[in-house]
Amino acid sequence: METQLSRAVGIYLAQCDRAYDAVLAVPSHPLRRFRRGYNPSYQLAKAVSQYCQCPHTQALGKSRWSHSQQGLNRKQRLKNLSGSFSVHGPVAGQRLLLIDDVMTTATTANVISELLLNHGATSVDIACLARTPQHMSS
C-alpha cells in the first residue's frame, strides 16, 4: 500500500548519498497488528524499499507485548521495551535502514538499533514519517 507520504519519504531517501542492504520496519506485536489490521511502519518500509532499491526484510520481531510508550518518561520507556524485540533473520555485516511511522523520544528506534548492532549490523540509519516536537517528547 503506497501512499503519497511513503512515496515522498522513499524519494527523499533515494536521493540521499546512502546505500542500504535492507530496509526494516519497527515491528508491532501480533495482537496489536490484529487489532489495527496492519502495521503502519511495515507498510511504509515496504514502499520505501522500492525507492531505495534494496530488499525489505522482516528480520525483526516483537517478541513481548509492551504497553503504549505514550506518557512514559525515558526510564519507564526503556523498562517497558526491555526484551520486547528480537532478531530472527540475517543482519550481520549489513547497512540497515530502520523505518518508524512516528518518533517521539527515539527510545524504540535506539533500542532496536542497539539490538541490530549487537547482532552484527554494520550500521543502522533511522527514518520516520513524523517526529513529535522536542518540547512535547520529554
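Below, the structure is looked at part by part. This is a predicted model, so every value here is computed, not measured.

The next point concerns the overall build of the protein. Secondary structure assignment for the protein yields five helices and five strands. Traced from its N-terminal end to its C-terminal end, the protein shows the element sequence α-β-α-α-β-α-β-β-α-β. For the protein, with 138 residues in total, the buried portion stands at 43%. Across the protein, every contact between residues at least 6 apart in sequence was considered, and the portion connecting residues at least 24 apart equals 75%. Approximately 7,900 Å² of the protein is accessible, and the part contributed by carbon and sulfur atoms is 52%.

Time to look at helix H3 (residues 40-52). Here H3 contains 13 residues, and its C-alpha end-to-end distance of 18 Å stays within 8% of the 18 Å for a straight helix at 1.5 Å per residue. After H3 finishes, the residue Gln53 shows a positive phi value of roughly 55°.

Taken together, the three strands give an open sheet; going across it, the order is E1-E4-E5, and neighbouring strands pair in parallel fashion. Two strands in the sheet have a free side with no partner beyond their single neighbour: strand E1 (22-25) and strand E5 (123-131). Here the average twist between neighbouring strands, direction ignored, is 25°. Sheet topology note: the E1/strand E4 (residues 95-103) ladder contains four bridges and is parallel. Residue pairing across strands places Val23 opposite Leu97, the latter belonging to E4. Across the sheet, helix H5 (residues 107-118) lies against E4 and E5, angled at about 160° from E5, the strand it touches most.

The next point concerns the side chain of Asn39. In this structure, Asn39 sits in the loop between helix H2 (30-36) and H3. Reaching out from Asn39, the side chain makes a polar contact with the backbone oxygen of Val26 at a distance of 3.1 Å. Among the polar contacts made by the side chain of Asn39, one reaches the main-chain amide nitrogen of Ser41 at a distance of 2.9 Å.

Turning next to the side chain of Thr107. Along the polypeptide, Thr107 turns up in helix H5. Looking at Thr107, the relative accessible area reads 2%, which means it is buried. A distance of 2.8 Å separates a polar atom in the side chain of Thr107 from a polar atom in the side chain of Thr105. Beyond its immediate sequence surroundings of up to four residues, Thr107 is in contact with Gln69, Arg74, Arg77, Leu78 and Leu81.

Formed by 19 residues in total, the largest nonpolar core has its most connected members in Leu60, Leu96, Leu98, Ile112 and Leu116. At the level of elements, E1, strand E3 (85-87), E4 and H5 are the ones that each hand at least two residues to this core. Every residue in contact with Leu116, bar those within four places of it in the chain, is listed here: Leu60, Val87, Val91, Leu96, Ala121 and Val124. Core analysis: the second largest hydrophobic core is formed by 13 residues, Val9, Val23, Ala45 and Ala127 among them.

Turning next to the packing of helix H4 (residues 74-81) against H5. Between H4 and H5, whose axes approach to 10 Å, the crossing angle comes to 45°. In terms of their interaxial angle, H4 and H5 are classed as oblique. Two packed elements cross with a definite hand, and for H4 against H5 that hand is right-handed. Along the contact surface, H4 presents Arg74, Arg77, Leu78 and Leu81, while H5 presents Thr107, Thr108 and Val111. Among the residues making up the contact of H4 with H5, the classes are represented as three nonpolar, two polar and two charged.

Cut-offs and rules
- Residues numbered from 1 in each chain as written.
- Predicted model: local features only at pLDDT ≥ 70, side-chain atom pairs only at ≥ 80, totals over all residues.
- Heavy atoms only, no water.
- Helix = DSSP H or I, 4+ residues; strand = E, 2+ residues; numbered from the N terminus.
- Buried < 20%, exposed > 50% of the residue type's maximum accessible area, 1.4 Å probe, protein only.
- Contact = heavy atoms within 4.5 Å.
- Areas by Shrake-Rupley, 256 points an atom, 1.4 Å probe, with all protein chains shown as cover.
- Expected span 1.5 Å × (residues − 1).
- Pairing = 2+ DSSP bridges.
- Axes fitted to C-alpha atoms, helices over the stretch in contact; angles between N-to-C directions.
- Polar contact = N/O pair within 3.5 Å; in protein donor to acceptor, adjacent residues only side chain to side chain.
- Core = buried A, V, L, I, M, F, W, Y, C linked by side-chain atoms within 4.5 Å.
- Parallel < 35°, antiparallel > 145°, perpendicular 65-115°, else oblique.
- Left-handed = near helix turned anticlockwise from the far one by under 90°.
- Nonpolar A, V, L, I, M, F, W, Y, C, P; charged D, E, K, R; others polar.

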